[in-house]
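Observations on the model geometry
The primary structure of each chain is shown beneath.
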Amino acid sequence: MLKGNYIYANNGYIVSGPTKVPFAQAGHDFFQGNGTLTGSATISTNGAITRIVYTGTYTVNPDCSGSATLTDNLGGTAHFDFFVTKSGSELAYVQTDPGYVTATFEMRRN
């Protein structure tokens, strides 16, 4: 269901106690159709720019929900729950790691 190149953009906050740090991210994912993916992104965290590449694994359930785990070249790991359209052309996801408040919409590009 998920296979091919997708683009995305998101923004949100990293929350620690009363502190909220804004961030924005834009990137692309390549879902290989076998439960693995690769991607790259540019991230602005409170105005500081970081560029990453990452690899990951994902599962899609029969009800079109799923989850993914990504590890980037800086050693960070992130977890997501997602919901994909039946055609696989679009998905929406939310990061499930503590302290992250963000949701994203992703579209397959031709």
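Throughout what follows, the structure given in this document is the object of discussion. Note that this is a predicted model, so its numbers are computed, not measured.

Side note on the layout of surface pockets
Approximately 600 Å³ is the volume found for the largest pocket. For the largest pocket, the lining is made up of 31 residues, of which Gln25, Ile52, Ala78, Phe80 and Gln95 are closest to its centre. Looking at the lining of the largest pocket, the elements with two or more residues in it are strand E1 (4-16), strand E2 (19-31), strand E3 (36-45), strand E4 (48-60), strand E5 (65-72), strand E6 (77-84), strand E7 (90-95) and strand E8 (100-108). The class makeup of the residues in the lining of the largest pocket is 17 nonpolar, 10 polar and 4 charged.

A closer look at the sheet that holds E6
Read around the barrel, 8 strands follow the order E1-E2-E3-E4-E5-E6-E7-E8 and close on themselves; strand pairing throughout is antiparallel. Each neighbouring strand pair of the sheet contributes to a mean axis angle of 25°, computed without reference to strand direction. Strand direction decides the pairing type here: E6 and E7, joined by 5 bridges, are antiparallel. Bridge assignment links valine 84 to a residue of E7, and that residue is leucine 91.

Quick word on the nonpolar core
Counting residues in each nonpolar core, the largest one holds 19 residues, and the members touching the most others are Leu2, Phe31, Tyr54, Tyr58, Phe82 and Leu91. Those elements that provide at least two residues to this core are E1, E3, E4, E5, E6 and E7. The contact partners of phenylalanine 82, leaving out residues within four places of it in the chain, are Leu2, Tyr58, Thr59, Val60, Cys64, Ser65, Gly66, Ser67, Ala68, Leu91, Ala92 and Tyr93.

Concerning the environment of serine 67
Mapping serine 67 onto the fold places it in strand E5. Serine 67 sits 29 residues away from threonine 96 along the chain, and the two C-alpha atoms are 9.6 Å apart. In this structure, serine 67 is in contact with Thr57, Tyr58, Thr59, Phe80, Asp81 and Phe82, ignoring residues within four places of it in sequence.

Things to note about unusual backbone geometry
Although it is not a glycine, asparagine 46 adopts a positive phi angle of roughly 55°. Turning to its location among the elements, asparagine 46 is positioned in the loop between E3 and E4. Its identity is not glycine, yet cysteine 64 carries a phi of approximately 75°, on the positive side. Inspection of the secondary structure puts cysteine 64 in the loop between E4 and E5. Cysteine 64 gets classed as buried once you look at its relative accessible area, which sits at 10%.

A short note on the side chain of glutamate 106
Among the secondary structure elements, glutamate 106 is positioned in strand E8. Ignoring anything within four residues of it in the chain, the contact list for glutamate 106 reads Tyr6, Ile7, Tyr8, Asp29, Phe31, Ser89, Glu90, Leu91 and Tyr93.

Observations regarding a nonpolar patch on the surface
Residues Ile7, Phe105 and Met107 make up a contiguous nonpolar surface patch of about 260 Å² in total accessible area. Assignment of secondary structure puts methionine 107 in strand E8.

Some remarks on the packing of aromatic side chains
Here the structure, examined in full by the defined rule, presents 5 aromatic pairs. Taking 5.1 Å as the distance between ring centres and 80° as the angle between the ring planes, the aromatic pair formed by phenylalanine 80 and tyrosine 93 counts as edge-to-face. With phenylalanine 80 in strand E6 and tyrosine 93 in strand E7, this pair connects stretches of sequence that are 13 residues apart. Taken together, the ring pairs in this structure connect Tyr6, Phe31 and Tyr58 into an aromatic cluster. When the ring centre of tyrosine 13 is taken as reference, the NZ or CZ atom of lysine 20 above it lies at 4.6 Å.

Cut-offs applied
Residues numbered from 1 in each chain as written. Predicted model: local features only at pLDDT ≥ 70, side-chain atom pairs only at ≥ 80, totals over all residues. Heavy atoms only, no water. 1 Å grid on protein atoms, 1.4 Å probe; cavity = no way out; pocket = protein on both sides within 12 Å on 5 of 7 lines; lining within 4 Å. Points joined across faces, edges and corners; volume = space filled by probe spheres on them. Helix = DSSP H or I, 4+ residues; strand = E, 2+ residues; numbered from the N terminus. Nonpolar A, V, L, I, M, F, W, Y, C, P; charged D, E, K, R; others polar. Pairing = 2+ DSSP bridges. Axes fitted to C-alpha atoms, helices over the stretch in contact; angles between N-to-C directions. Core = buried A, V, L, I, M, F, W, Y, C linked by side-chain atoms within 4.5 Å. Buried < 20%, exposed > 50% of the residue type's maximum accessible area, 1.4 Å probe, protein only. Contact = heavy atoms within 4.5 Å. Patch = residues over 30% accessible without salt bridge, like charges linked within 9 Å, V, L, I, M, F, W, Y side chains within 5 Å. Areas by Shrake-Rupley, 256 points an atom, 1.4 Å probe, with all protein chains shown as cover. Salt bridge = Lys/Arg side-chain N within 4 Å of Asp/Glu carboxyl O. Phe/Tyr/Trp six-rings, centres within 6.5 Å; stacked < 30°, edge-to-face > 60°. Lys NZ or Arg CZ within 6 Å of the ring centre and 35° of its normal.

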